[in-house]
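Single-letter residue listing:
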Amino acid sequence: MIALSKITKQYGGQVLFVDASLQLNPGEKAGLVGPNGAGKSTVFRMIVGEEHPDEGVVDRPKRVTVGYFRQDVGDMKGRSVLEETIAGAGEVADLGHELHELEHAMSDPDRDDFDQVVERYGEVQARYQELGGYDLEAQARSILAGLGFFPEQVDADVGLLSGGWKMRVALARILLARPDVLLLDEPTNYLDIESILWLEEFLRAYPGAVLMTSHDRDFMNRLVKKIVEIDGGTIRTYSGDYDFYEKQREVERAQREAAYERQQAMLAKEEEFIARFKARASHAAQVQSRVKKLEKVEKIEPPKRIIEKTFDFKPCPRSGEDVIKVEKVSKRYGAKVVHDGVDLLVRRGERWAVMGENGAGKTTLLKMMAGVTGADDGRVDLGASVVLGYFAQHQLEQLDASRTVIEELVAHAPTTNLGVLRNLAGAFGFHGDDHEKPIRVLSGGEKARLALAKILFDAPNLLVLDEPTNHLDLVTKRALVKALSDYQGTIVFVSHDRAFLRRVATRVLELAPGARPHMYGGTYDEYVASSGHEAPGMRPLRAKA
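Reading the values: rules and limits
- Residues numbered from 1 in each chain as written.
- Predicted model: local features only at pLDDT ≥ 70, side-chain atom pairs only at ≥ 80, totals over all residues.
- Heavy atoms only, no water.
- Helix = DSSP H or I, 4+ residues; strand = E, 2+ residues; numbered from the N terminus.
- Buried < 20%, exposed > 50% of the residue type's maximum accessible area, 1.4 Å probe, protein only.
- Areas by Shrake-Rupley, 256 points an atom, 1.4 Å probe, with all protein chains shown as cover.
- Lys, Arg positive; Asp, Glu negative; His and termini not counted.
- Charge placed at Lys NZ, Arg CZ, Asp CG, Glu CD.
- Pairing = 2+ DSSP bridges.
- Axes fitted to C-alpha atoms, helices over the stretch in contact; angles between N-to-C directions.
- Contact = heavy atoms within 4.5 Å.
- Core = buried A, V, L, I, M, F, W, Y, C linked by side-chain atoms within 4.5 Å.
- Phe/Tyr/Trp six-rings, centres within 6.5 Å; stacked < 30°, edge-to-face > 60°.
- Right-handed = clockwise from strand over helix to strand, strands pointing away.
- Salt bridge = Lys/Arg side-chain N within 4 Å of Asp/Glu carboxyl O.
- Parallel < 35°, antiparallel > 145°, perpendicular 65-115°, else oblique.
- Left-handed = near helix turned anticlockwise from the far one by under 90°.

Participant: Even after reading the chapter, I still don't get the overall build of the protein, so can you show me in this structure?
Facilitator: Helices and strands together make up the secondary structure of the protein, namely 19 helices and 18 strands. For the C-alpha atoms alone, the extent of the protein along its principal axes is close to 110 × 75 × 45 Å. Per-residue burial over the protein gives 49% buried out of 545 residues. Carbon and sulfur atoms make up 49% of the accessible area of the protein, which totals about 26,400 Å². Of the charged side chains in the protein, 73 are positive and 83 negative; the average position of the first set lies 9 Å away from that of the second.

What follows is the structure, given as structure tokens:
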């Protein structure tokens, strides 16, 4: 269906691809992986024709339609959420707009061109019906519901939405358009776990091909049957899910290292012979033969290794046994009751995952625990010797864009030795020249790492984390999970990442609008087994793919 053949592409001195190829077949679900800057977005842009290779061919048949979901949604305003979604449906949306205009024109029977208008209306109506236009609004509403929109949001102005919710609208537009090929760049970044589960089911049933990037391991494993890896100018294809790819990549790495070591041993042995006997006339022929042999040897490059990040948390002081006590807490926003008489006791060393569908009050509860928002009724008390560290997405916007990475850390800890802060930056993945990077050019994942570095420098013994893995790549997530596994303090967190939930949570608090909180004394997997669902607000797939 779509093929990139012998592609070469470079920007200035940076070479992205050299003689690289990939193929996406009809109905295939594939994951696109590789380190930041490897060229994943460039592949997407070449497929849609926004960029062209320096050499090679991009073969995309003209009849094949492509939908591209990217992290830049552009400006959305002036239409309702529903209208904005339907506007992305391609031909059928254009036909619907024309039908509306023709209906208006037919309201005037005295028009000179009335017969032509009626004839055109019949043509447009037939094509509109053939493309399922009369079901379009119902399909759009179903997709929007699956992505977490309430009915009152669907008919409201799209311009009132936050950036994250506009991303959901952009995704809904593309899903409704039903292209032959879906290119999805991190589609789960701004979704809650219920929407992710809905999207998984939708894409599994989707008849078209899908090529996607994602930092969500479970999402990839459940959908893709092929992994396309971009690294070091080459494209390699693996048949299987993400877990299979990781295992296979490790096998190949071990094989390459063994081959490299064998060749290095052979070269050392030959060079030792040459050095030892090159001055002896009796061995001149043998030496010359071995010199020629070495000249013909195709040298194996030293295998590249993925550098695993490690986050070094400073040891935290011990807190009292009772870390957070929530007593009969109520919270309202206008007429909306978010919490009504919530009770919770968090003990030292526990790791509570707070779960609940959109609007259940997860973030509000964390804000009250962190002292950012006050309760209307009841109390939230921190225990003895508790040192709080609070991470939320708004803190990424509070980083000073005019500062560099190291300047932001100096501003946070002005009396600390600069060498200590450089070590701190290194512990969170900022090395060498990265220290002087302006914050305004940092990616979402880099900003998250910097915000975490500031929080954890203070050695809190209580971490309140609201979606800490948003924008983090899989390698960084793995490092964070490992660090939290060794962390001696207490954690209360919200996350839509099931791999993170599985590895970190030892308790689950389930919130539901209008119902009492439900507590589960076990891991996320035990919660799933006990509750019978992976998330509280599981959404049925009403929109058929």
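That shown, we press on.
Participant: What exactly am I supposed to notice about the sheet that holds strand β4 (residues 55–59) here?
Facilitator: To summarise the sheet geometry, strands pair through backbone hydrogen bonds and adopt either a parallel or an antiparallel arrangement. Here we have three strands laid out as an open sheet, ordered β2-β1-β4, and antiparallel in their pairing. Strands with a single pairing partner mark the edges of an open sheet, and in this sheet they are β2 (14–24) and β4. Pairs of neighbouring strands in the sheet enclose a mean axial angle of 25 degrees, with direction left out of account. The pairing of strand β1 (residues 2–11) with β2 spans seven bridges and is antiparallel. In the sheet register, L4 faces β2, and the bridge partner there is L22. Relative to β1, helix α1 (residues 40–48) is tilted by about 120 degrees, and along the sheet it contacts β1, β2 and β4.

Participant: Can you walk me through the nonpolar core in this structure?
Facilitator: Side chains of a nonpolar character, in soluble globular proteins, are inclined to be buried together. One finds F149, L175 and L203 to be the most contacted residues of the largest nonpolar core, which totals 54 residues. If one sorts the elements of this core by residue count, helix α7 (residues 163–177) sits on top with nine residues. Those residues in contact with L203 that sit more than four places away from it in its chain are K29, L175, L182, L184, V210, F219 and L223. Membership of the second largest hydrophobic core comes to 50 residues, among which are I193, L399, I406 and A425.

Participant: Please explain the packing of aromatic side chains as it appears in this structure.
Facilitator: Inspection of the entire model under this criterion finds 11 aromatic pairs. Relative to Y68, the ring of F44 has its centre 5.5 Å away and its plane inclined at 55 degrees; by these criteria the two rings are tilted. Note that F44 is positioned in helix α1 and Y68 in strand β5 (residues 66–69), a separation of 24 residues in sequence. Side by side, F44 and Y68 carry an identical accessibility label, which is buried.

Participant: Explanation requested: the pairing of strand β16 (residues 490–494) in the structure shown.
Facilitator: The side chains of a regular strand alternate between the sheet's two faces. Of all five residues that make up β16, five are buried, and the element is covered over most of its length. Of the pairings in the sheet, the one linking strand β12 (residues 351–356) to β16 comprises three bridges and is parallel in character. Of the residues in β16, the one forming a bridge with A353 is F493. Read from strand β15 (residues 462–466) through helix α17 (residues 474–486) to β16, the crossover connection turns out right-handed.

Participant: Explain the pattern of salt bridges here, please?
Facilitator: A side chain of one charge can pair with a side chain of the opposite charge when the charged atoms of the two come close. Scanning the entire structure with this criterion turns up 47 salt bridges. In this structure, R173 and E84 form a salt bridge, with 2.9 Å as the shortest nitrogen-oxygen distance. One end of the pair, R173, is in helix α7; the other, E84, is in helix α2 (residues 81–87), with 89 residues separating them in the sequence. Residue E84 is classed as buried on the basis of its relative accessible area of 6%.

Participant: Teacher, can you tell me more about the environment of G341 here?
Facilitator: Inspection of the secondary structure puts G341 in strand β11 (residues 336–347). Through-space distance from the C-alpha of G341 to that of G378 is 7.4 Å; in sequence the pair is 37 residues apart.

Participant: What exactly am I supposed to notice about helix α12 (residues 362–370) here?
Facilitator: One turn of an α-helix holds 3.6 residues; hence residues three or four places apart share an orientation. Along α12, seven of the nine residues are buried, which leaves the element largely enclosed by surrounding structure. When we look at burial in α12, the residues that qualify are K362, T364, L365, L366, M368, M369 and A370.

Participant: I would appreciate a short explanation of the packing of helix α14 (residues 405–412) against helix α15 (residues 418–427) in the present structure.
Facilitator: When two helices pack together, their arrangement is given by the angle between the helix axes and by the axis-to-axis distance. Two elements in contact, α14 and α15, have axes whose closest approach is 10 Å; the angle formed by their N-to-C orientations is 120 degrees. Regarding the angle of α14 to α15, the classification is oblique. By crossing handedness, the relation of α14 to α15 is classed as right-handed. Facing α14, whose interface residues are I406, L409 and V410, α15 presents L418, L421, R422, L424 and A425.

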